[in-house]
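Observations on the model geometry
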Amino acid sequence: MMKGCNFTMLKGIHVSIALLTLGFVTIILWPRENNPFLTTFFLAQHRFRHPSSDDLVNAPNISRSSGGHTEEVNKPIFKKEAPMIGEQHNASSSTKSVTTFTSDVEDSDEEELSAQNADCNYAKGRWVADSRRPLYSGAGCKQWLSGMWACRLTQRTDFSFEGYRWQPKKCKMKEFNRFSFLRRMRNKTIAFVGDSLGRQQFQSMMCIVSGGEEMPEVEDAAREYGLVKPRGAKRPDGWVYRFPSTNTTILYYWSASLSDLVPFNSSDKNSNVAMHLDRPPAFLRRYLHCFDVLVLNTGHHWNRGKLELNRWVMHVNGKPNENKEFEDIGKAKNFTVHSFVRWLDSQLTSHPRLKAFFRTISPRHYRNGDWNTGGTCNNTVPLSRGSEVLQDESNDKVIESAVRGTKVKILDITAISELRDEAHMSSYSIRPTQGINDCLHWCLPGVPDTWNEILIAQI
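Here's what I pulled together on the structure shown here. No experiment lies behind these values; they were computed from the predicted model shown. (Residues numbered from 1 in each chain as written. Predicted model: local features only at pLDDT ≥ 70, side-chain atom pairs only at ≥ 80, totals over all residues. Heavy atoms only, no water.)

**Regarding the packing of aromatic side chains**
The final tally for this structure, using the stated rule, is 17 aromatic pairs. With a centroid separation of 4.9 Å and 45° between ring planes, the pair formed by Phe283 and Tyr287 is classed as tilted. Within this pair, Phe283 and its partner Tyr287 are both found in helix H7 (residues 282–287), separated by four residues, close to a single helical turn. Here Phe283 falls in the buried class, since its relative accessible area comes to 7%. Taken together, Trp144, Phe192, Phe202, Trp239, Tyr241 and Tyr252 form an aromatic cluster joined through their ring pairs. Its end group placed over the ring of Phe159, Arg152 keeps NZ or CZ at 3.8 Å from the ring centre. (Phe/Tyr/Trp six-rings, centres within 6.5 Å; stacked < 30°, edge-to-face > 60°. Helix = DSSP H or I, 4+ residues; strand = E, 2+ residues; numbered from the N terminus. Buried < 20%, exposed > 50% of the residue type's maximum accessible area, 1.4 Å probe, protein only. Lys NZ or Arg CZ within 6 Å of the ring centre and 35° of its normal.)

**What to know about unusual backbone geometry**
In this structure, Pro134 follows Arg133 across a cis peptide bond, with omega equal to 5°. Within the element layout of this structure, Pro134 appears in the loop between strand S5 (125–129) and strand S6 (164–168). In the segment running from Leu444 into Pro445, the intervening peptide bond is cis, with an omega of 0°. Structurally, Pro445 can be placed in the loop between strand S20 (438–442) and helix H12 (447–458). With a phi close to 55°, Asn247 is a non-glycine residue in the positive phi region. Within the fold, Asn247 resides in the loop between strand S9 (238–243) and strand S10 (248–254). Phi angles above zero are rare outside glycine, and Asn368 is one such case at about 60°.

From the geometry alone we can't say anything about function, so treat these as descriptive.
Next comes the structure, spelled out in structure tokens:
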């Protein structure tokens with residue numbers, strides 16, 4: 001009887017093991033998109049973590065809108081490729097091994113999504129909490145990100161502004177994948193031309209494409225474009241970097257007014273400068289044929305103080321301006337933007353591969369004064385001004401009207417950025433100045449990353 005009991009017990013154990021094994025195999029083989037176990041596992045494995053932002057890391061994976069709708073968060077999965085034949089790891093070698101990754105996001109899927117979203121108004125939608133944000137570390141992206149815009153390096157202790165993404169209404173944006181993006185941009189050049197907000201967008205692009213990682217293999221190609229810092233200058237007029245694995249080039253050129261600036265006397269650094277309102281910068285006229293994607297912006301330098309500080313003297317038709325209307329700086333800006341877009345549109349016929357975007361103005365959020373009169377932007381509560389943009393038209397009427405009817409596309413970020421007053425540099429700085437707040441530039445990571453995600457979706 002004992003043997004019978006032992007056999008029955010053993011048989012039961014075998015059956016239990018078999019059932020457990022079958023159940024585990026079923027879980028593993030169940031398609032990932034319908035498998036809550038694997039979905040949870042991979043989300044936990046690949047979620048971005050930052051040591052000083054516990055709340056952000058532990059944010060729920062389901063975001064809820066004011067209307068009670070829920071939105072599922074799906075994390076793209078990266079797969080490590082097997083090392084190439086002959087690749088060896090030597091701990092004593094000074095040469096670092098290179099890890100390459102592939103993504104489950106297919107380029108054909110992105111192209112299909114782009115076709116489906118051809119008529120999408122990316123500026124219409126809402127901000128949603130996303131535990132996968134930010135796309136890079138603000139303390140780690142030191143190779144590309146200026147310290148003055150890296151809020152993780154300042155006295156700021158609240159970083160909830162990093163944990164949001166933009167969700168367009170009635171159209172989809174794939175999760176940004178830097179490896180896929182570089183493949184799609186193989187042998188292509190992306191150029192940002194504009195003011196310091198354009199420079200922020202450029203640095204954001206460098207950070208999201210590199211993942212914020214140090215990449216010593218990335219080449220400095222500035223000399224190819226004549227962008228070498230002049231003697232005595234604080235910085236060069238631009239930066240150019242090339243990712244050799246895909247021959248992808250990302251460039252920034254400083255042109256705050258998008259007009260051609262020519263010193264009266266090039267040998268005198270204090271010389272007045274002719275500001276040709278109806279002529280694009282010489283840099284663009286010379287290098288336009290090199291670009292595959294061009295992103296333009298202007299706006300905040302169009303005020304009397306900036307013109308006088310820079311000694312810019314308006315010129316039209318090659319001579320000092322005589323149009324009294326342009327004493328109104330806003331009308332001078334309007335004239336320049338429209339002139340520039342007409343010129344660029346005329347060039348696109350002979351540059352069929354070029355995709356040109358004009359980014360709308362980035363909003364200022366000064367309250368109770370300006371930058372030099374005690375103005376502040378002290379709010380740190382995300383979306384206290386609302387989370388949705390429902391209008392069809394742009395808040396930047398100048399850019400909207402200039403590109404209408406042309407092949408130049410609008411990159412409309414004004415209204416969505418208006419809702420993010422908590423994400424500015426504010427009073428935080430590596431070397432803070434008493435009474436000075438920056439309510440114009442943004443913390444990075446931050447809002448300019450979203451501008452680039454919308455740009456990439458439109459590309």
